Amino acid sequence: MAVHAHPDDESSKGAATMARYVAEGVEVLVVTCTGGERGDILNPAMDRPEIKADIGAVREREMARAREILGVQQRWLGFVDSGFPEGDPLPPLPDGCFALQPLEVAAEPLVRAVREFRPHVILTYDENGGYPHPDHVKTHEVSVEAFEAAGDPDRYPGAGQPWQPLKLYYHLTFHKERFTAENDAMIAAGLESPYAELLASWVDKPLTWEITTKVPCADFFATRDRALLAHATQIDPDGPWFACPLEVKREAWPTEDYHLARSLVDTELPEDDLFTGVSERVCL
């Protein structure tokens, strides 16, 4: 189970991992906490009045196409996008949005989803949300709450029969080591790197969470790109997502990376499989 804040997050974080496991016969469920109703239109070709007027329905259709491409199941939690506050001082978040929900209100439908789907592994964001969007931070909070509460019959008693997931991971998708490897590979191939400015301005500091798990999934990078492109309001096909050629990415950094935040099974780090320890305990 991969828990995400908005439609498109599932395609930019962990999509190749999910596609790989689907191909191997694993059931994969994407849980989308909000409808992305307050997201900006980031593709100039889609920045049209009729799209803006129907953005919730448009993003729902985009999500349907992306989940078809990835081969995953998908479930909406039904909360309203909080938007990304900007300004100084920051404006208040909109009334009723996901980020303002009390923890137990926001987590209850996710606990229910965990108990119904019965995942062995859950993927989510770290406590900073990957980046500090209020919905990403809230997604971390509800994911940790669901992981810890879903197996307890005394918590959320009206949300189905208890089920205890075995491993909880944080996405570590965007880190300097990966961008440096892709940058160097592009230069070696005689290509202009899109990462020079990013790397020049990067503030060097240790990762908050160490990479414990690198999942080889380069064979599914093309599927990941197709899923991203399905989110046409959010992804510019001429933008930086696709500036590094696929063959270069496959060679330079053929994994998607994670931090093992919780484990109820024995495992040995580093890992190359989210199901290390699980496979020995249960029949997948």
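Use the structure listed above.
Here's a quick rundown of the structure. (Residues numbered from 1 in each chain as written. Predicted model: local features only at pLDDT ≥ 70, side-chain atom pairs only at ≥ 80, totals over all residues. Heavy atoms only, no water.)

A look at the packing of helix H5 (residues 103-117) against helix H6 (residues 134-149)
Then step 1. Between H5 and H6, whose axes approach to 8 Å, the crossing angle comes to 55°. If you check the angle between H5 and H6, you find them oblique. Remark: the crossing between H5 and H6 carries right-handed chirality. Counting all contacts with H5, which are made through Leu103, Ala106, Ala107, Leu110, Val111, Val114 and Arg115, the residues of H6 involved are Lys138, Glu141, Val142, Ser143, Glu145, Ala146 and Ala149.
Then step 2. Of the residues belonging to the contact of H5 with H6, the class tally is 9 nonpolar, 1 polar and 4 charged. (Axes fitted to C-alpha atoms, helices over the stretch in contact; angles between N-to-C directions. Helix = DSSP H or I, 4+ residues; strand = E, 2+ residues; numbered from the N terminus. Parallel < 35°, antiparallel > 145°, perpendicular 65-115°, else oblique. Left-handed = near helix turned anticlockwise from the far one by under 90°. Contact = heavy atoms within 4.5 Å. Nonpolar A, V, L, I, M, F, W, Y, C, P; charged D, E, K, R; others polar.)

Here we look at the packing of helix H4 (residues 55-70) against helix H9 (residues 221-230)
Then step 1. Taken N-terminus to C-terminus, the directions of H4 and H9 make an angle of 170°; their axes are 8 Å apart at the nearest point. The angle between the axes of H4 and H9 places the two elements in the roughly antiparallel class. Side by side, H4 and H9 meet where Glu62, Arg65, Ala66, Ile69 and Leu70 of the first sit next to Thr223, Arg226, Ala227 and Ala230 of the second.
Then step 2. Split by residue class, the contact of H4 with H9 holds 5 nonpolar, 1 polar and 3 charged.

Looking at the packing of aromatic side chains
Geometry of an aromatic ring pair is reported as the spacing of the ring centres plus the angle between the planes.
Then step 1. In total, this model carries 9 aromatic pairs according to the counting rule given.
Then step 2. A centroid spacing of 5.4 Å and a plane angle of 70° characterise the contact between Tyr170 and Trp209, whose relative ring orientation is edge-to-face. Of the two residues, Tyr170 is situated in strand S5 (residues 167-171) and Trp209 in the loop between helix H8 (196-200) and strand S6 (213-216); the sequence distance between them amounts to 39 residues.
Then step 3. What makes Tyr170 buried here is its relative accessible area of 3%.
Then step 4. By the ring-pair criterion, three or more aromatic residues cluster together here, those being Phe174, Phe179, Tyr195, Trp202 and Trp241.
Then step 5. It is Arg224 that lies over the ring of Phe221; its NZ or CZ is 4.0 Å from the centre. (Phe/Tyr/Trp six-rings, centres within 6.5 Å; stacked < 30°, edge-to-face > 60°. Buried < 20%, exposed > 50% of the residue type's maximum accessible area, 1.4 Å probe, protein only. Lys NZ or Arg CZ within 6 Å of the ring centre and 35° of its normal.)

What to know about the side chain of Thr255
Then step 1. Note on placement: Thr255 falls in strand S7 (residues 255-263).
Then step 2. With a relative accessible area of 15%, Thr255 lands in the buried category.
Then step 3. At a separation of 2.7 Å, a polar atom in the side chain of Thr255 contacts the side chain of Asp257. (Polar contact = N/O pair within 3.5 Å; in protein donor to acceptor, adjacent residues only side chain to side chain.)

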